[in-house]
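What follows is each chain in one-letter form.
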Amino acid sequence: MAELVPYIDWTPFFRSWQLFGKYPAILNDNVVGKEATNLFNDAQEMLTQIISEKWFTAKGIIGIFPANQINDDDIELIDENQKYQLLTLRQQAQKSGKVPNIALADFIAPRETEIQDYVGLFCVTTGFGVKEKAKTFEDANDDYNAIMVKALADRLAEAFAEYLHEKVRKEIWGYAYDETLTNDDLISESYKGIRPAPGYPACPDHLEKETIWNVLDIENEIGVTLTESLAMWPASSVSGYYFANENAKYFGVGKIKPDQVADFAKRRNISNEKATKWLQPNISE
């Protein structure tokens, strides 16, 4: 757990307490600086206890798999001769000039090129032990520390995702073995490749988590489960993909049209109604 601390992005931590400003500048802010500093000092004290007394257990799993783009919008992943299909959504907004509407599948070499490409999947958690520790504070009517312990668990989970992604780039996959980035560089996403996550702008489809869980056998391997609403449990968990393409970038799919929803339903082999339910926030009127 101590290895994850240097990878913590503290700015969202303050935001979770309704203190807005970028770390470390927020500590000297004319309006919220004193409150932010007190909060930060309390967080450092608890973080020391989390590590020394082993309050949480961190677990993670990754896989790098042969993959190629198929049918324009999908990625075929092969794991020990078993084929899986990762479905991606394509932007449909009207753009100026020749700016293309992109999908995550565009960052993987098409099968017809006969270039063997790869894609990574991962899940990390620092959430085991958090619920129990938060309950001890709640039972003592200590809401402040109950919130603090959850906020720090979330920061450590994101730090774990950052730490493991760096390890993948430099050692495990090794496509950026000579990378030398600071934590500020990592926070500003200056690395080669991306790690988008289901439910986020580039991949608003939460149903993709089910495929990630199947391929990596996450529930059996590290104990992280999916709820009915496809939220991860423990809550302080992060999952997603690794793309190594140097042209890969984070983007938002934005609003999509009913024709893509219908095509998505067909590709996923679900009803149009179910597809509409899961993609509703992104469907244009």
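Refer to the structure above for everything that follows.
Residues numbered from 1 in each chain as written. Predicted model: local features only at pLDDT ≥ 70, side-chain atom pairs only at ≥ 80, totals over all residues. Heavy atoms only, no water.

> Break down the overall build of the protein chain for me, with residues and values.
What the protein chain contains, in helices and strands, is nine helices and seven strands. In summary, the protein chain has a C-alpha radius of gyration of 20 Å against a globular reference of 19 Å for 285 residues, a match within 12%. Along the three orthogonal principal directions, the C-alpha set of the protein chain runs to about 55 × 45 × 45 Å. Across the 285 residues that make up the protein chain, the buried fraction comes to 47%. (Helix = DSSP H or I, 4+ residues; strand = E, 2+ residues; numbered from the N terminus. Rg over C-alpha atoms; globule rule 2.2 N^0.38 Å. Buried < 20%, exposed > 50% of the residue type's maximum accessible area, 1.4 Å probe, protein only.)

> Tell me about the environment of Glu 219, residues and numbers included.
With respect to the helices, strands and loops of the structure, Glu 219 is situated in helix H7 (residues 218-222). Placed 155 residues apart in sequence, Glu 219 and Ile 64 show a C-alpha to C-alpha distance of 18 Å. Ignoring any residue separated from it by four or fewer positions in sequence, one finds Glu 219 in contact with Trp 213, Val 224 and Thr 225. (Contact = heavy atoms within 4.5 Å.)

> Please give an account of the sheet that holds strand S7 (residues 237-242) that cites residues and values.
In space, the five strands of this open sheet follow the order S3-S2-S1-S4-S7, with antiparallel pairing throughout. Looking at the sheet topology across the chains shown, the edges are occupied by strand S3 (82-87) and S7. In this sheet, adjacent strand axes meet at a mean angle of 30° when their direction is disregarded. By the bridge criterion, six bridges tie strand S4 (residues 117-128) to S7 in an arrangement that is antiparallel. Note on S7: the bridge partner recorded for Phe 122 is Gly 240. (Pairing = 2+ DSSP bridges. Axes fitted to C-alpha atoms, helices over the stretch in contact; angles between N-to-C directions.)

> An account of helix H6 (residues 208-216) is requested, with residue identities and associated values reported.
With seven of nine residues buried, H6 is to be regarded as a mostly interior element. The set of residues buried in H6 consists of Glu 208, Lys 209, Thr 211, Ile 212, Trp 213, Val 215 and Leu 216. Phi turns positive, to about 50°, at Asp 217, one or two residues after H6.

> Hey, could you go over the environment of Thr 125 for me, with residue numbers and the actual values?
Checked against the element boundaries, Thr 125 lands in strand S4. With relative accessibility at 0%, the residue Thr 125 sits in the buried group. Setting aside residues no more than four positions away along its own chain, Thr 125 makes contact with Thr 57, Ala 58, Lys 59, Phe 160, Val 224, Pro 234, Ser 236 and Ser 237. Polar side-chain contacts of Thr 125 include one of 3.0 Å to the backbone nitrogen of Gly 127. At a separation of 3.0 Å, a polar atom in the side chain of Thr 125 contacts the main-chain carbonyl oxygen of Ser 236. (Polar contact = N/O pair within 3.5 Å; in protein donor to acceptor, adjacent residues only side chain to side chain.)

> An account of the layout of surface pockets is requested, with residue identities and associated values reported.
Taken as a whole, the largest pocket holds about 860 Å³ of empty space. Lining the largest pocket are 36 residues, with Glu 158, Arg 195, Ala 197, Tyr 200 and Val 238 positioned closest to its centre. Considering only residue class, the lining of the largest pocket consists of 23 nonpolar, five polar and eight charged. Around the second largest pocket, the lining comprises 14 residues; the ones closest to its centre are Val 130, Lys 131, Trp 233, Pro 234 and Ala 235. Residue assignment for the lining of the second largest pocket shows that the elements contributing at least two residues are S4, helix H3 (130-139) and helix H4 (143-172). At three residues, the largest contribution of residues to the lining of the second largest pocket is made by H3. Along the lines of polarity and charge, the residues of the lining of the second largest pocket split into five nonpolar, five polar and four charged. (1 Å grid on protein atoms, 1.4 Å probe; cavity = no way out; pocket = protein on both sides within 12 Å on 5 of 7 lines; lining within 4 Å. Points joined across faces, edges and corners; volume = space filled by probe spheres on them. Nonpolar A, V, L, I, M, F, W, Y, C, P; charged D, E, K, R; others polar.)

> Explain the packing of aromatic side chains to me, and be specific about the residues and the numbers.
Summed over all chains, the structure comprises 16 aromatic pairs. Arranged with centres 5.6 Å apart and planes meeting at 85°, the rings of Tyr 7 and Tyr 163 form a pair that is edge-to-face. Pair noted here: Tyr 7 is in the segment before helix H1 (11-15) and Tyr 163 is in helix H4, with a separation of 156 residues, a long-range link. You can call Tyr 163 buried: its relative accessible area is 16%. Put simply, the rings of Trp 10, Phe 13, Phe 14, Trp 17, Tyr 23, Phe 40 and Tyr 144 touch in pairs and so form one group of aromatic residues. The ring centre of Phe 128 lies 5.0 Å from the NZ or CZ of Lys 59, which sits over that ring. One Lys or Arg, Lys 133, reaches over the ring of Trp 55 and ends 4.3 Å from the middle of that ring. (Phe/Tyr/Trp six-rings, centres within 6.5 Å; stacked < 30°, edge-to-face > 60°. Lys NZ or Arg CZ within 6 Å of the ring centre and 35° of its normal.)

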